[in-house]
Amino acid sequence: RAQLDERTFRQEFEASFENLTGLVAVSFGDENISVDSVDISVMPLLLGVDFNVDPMSGICAVRDGETLYVFDEIMLTGGATTWDFAEEVSRVIACPDPTGGARKTSGVGATDHSILRRSGFNVSSPKAPWKIRDKITAVNTALLDANGERRTIIHPRCKELIKSLRTLTYAPNTGLPNKNLGVDHAFDAF
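Here's what I pulled together on the structure shown here.

1. Observations concerning the pattern of salt bridges
- Per the stated rule, a full pass over the model turns up five salt bridges.
- The salt bridge involving Glu 31 is made with Arg 150; its shortest N-O contact spans 3.3 Å. Pair noted here: Glu 31 is in the loop between α1 (6-13) and β1 (46-50) and Arg 150 is in the loop between α4 (132-143) and β6 (152-154), with a separation of 119 residues, a long-range link.
- Its relative accessible area of 53% is what places Glu 31 among the exposed residues.
- Residue class for Arg 150 comes out partly exposed when judged on its relative accessible area of 26%.
- Because the salt bridges share partners, they merge into one network encompassing Lys 179, Asp 184 and Asp 188.

2. Topic: the nonpolar core
- By size, the foremost hydrophobic cluster in this structure holds 21 residues, and its most contacted members are Phe 28, Val 70, Leu 143, Ile 154, Leu 161, Leu 165 and Phe 187.
- At the level of secondary structure, the elements contributing two or more residues to this core comprise β2 (56-64), β3 (67-76), α4, α5 (159-167) and α6 (184-189).
- Residues in contact with Ile 154, not counting those within four places in the same chain, are Phe 28, Asn 32, Ile 33, Ser 34, Val 70, Leu 143, Leu 161, Ile 162 and Leu 165.
- Of all hydrophobic cores here, the second largest spans 20 residues; its members include Met 56, Leu 76, Leu 116 and Ile 153.

3. Digging into unusual backbone geometry
- Of note in this structure, Asn 173 is not a glycine but carries a positive phi near 60°.
- Considering the arrangement of structural elements, one finds Asn 173 in the loop between α5 and α6.

4. Observations regarding the environment of Arg 133
- Following the sequence through the fold, Arg 133 ends up in helix α4.
- Of the residues examined, Arg 133 reaches a relative accessible area of 26% and is grouped as partly exposed.
- Distance from Arg 133 to Gly 175, taken between C-alpha atoms, is 8.4 Å for residues 42 residues apart in sequence.
- Within the structure, the side chain of Arg 133 is placed 3.1 Å from the side chain of Tyr 170, a separation counted as a polar contact.

The rules behind these values
Note that residues are indexed from 1 along each chain, following the sequence as it is written. Confidence filtering applies because this is a predicted model: local features only for residues at pLDDT of at least 70, side-chain atom pairs given and counted only at 80 or more, and all residues used for totals across whole chains, interfaces and linings. Note: side-chain values were computed over all heavy atoms of the structure, leaving out hydrogens and water. Salt bridge, as used here: a side-chain nitrogen of Lys or Arg that lies within 4 Å of a carboxyl oxygen of Asp or Glu. In this description a helix means any DSSP run of H or I spanning at least four residues, a strand means any run of E spanning at least two, and both kinds are numbered starting from the N terminus. Only protein chains enter the accessibility calculation, which uses a 1.4 Å probe; a residue is then buried when its area is under 20% of its type maximum, exposed when over 50%, and partly exposed in between. As used here, the term nonpolar core means buried Ala, Val, Leu, Ile, Met, Phe, Trp, Tyr and Cys residues forming a set that is joined through side-chain atoms within 4.5 Å. Residues are treated as being in contact if the distance between any of their heavy atoms lies within 4.5 Å. Definition of a polar contact: a pair of N or O atoms within 3.5 Å, with one able to donate and the other able to accept a hydrogen when the atoms are protein atoms, and with sequence-neighbouring residues admitted only if both atoms are side-chain atoms.

Structure representation (structure tokens):
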């Protein structure tokens, strides 16, 4: 129960047929939004990154025990590059998606990951992308697990992430998030 969100738990352990329609972040609620914080000066900063041309998105957080405190977000528009993004932040552990190993938003001659490393980041990324369903389950479980515990607190100033969590829906008949809504980038970075 502590490792799955309620919908996935019902599907996997209670033989319930769960339809992947409606909101992607079904576990998100106002209870996840709070100005509660911890002393971030003594913890490694975590930065989730979605490499995208416009906007390039970053979610800033710290982990205290089992709780993730999301305290800020970075949304760069206007064709920002990974170099621009690296200049925007410093002294954090970047947790980008594995596609950053390819040459996309980085510009000629370097990958997004290599730019972050050259800029002083400690990059921690899996070798291959997680399955989309597994990423969604991980997010929903952190927001509210099947035991009823919330392990993610999001500061109200993270407006794009909150908007994404409240409005991102599945594309019709696909079981995949609808990328045409324009609210998926903060979710992907998270």
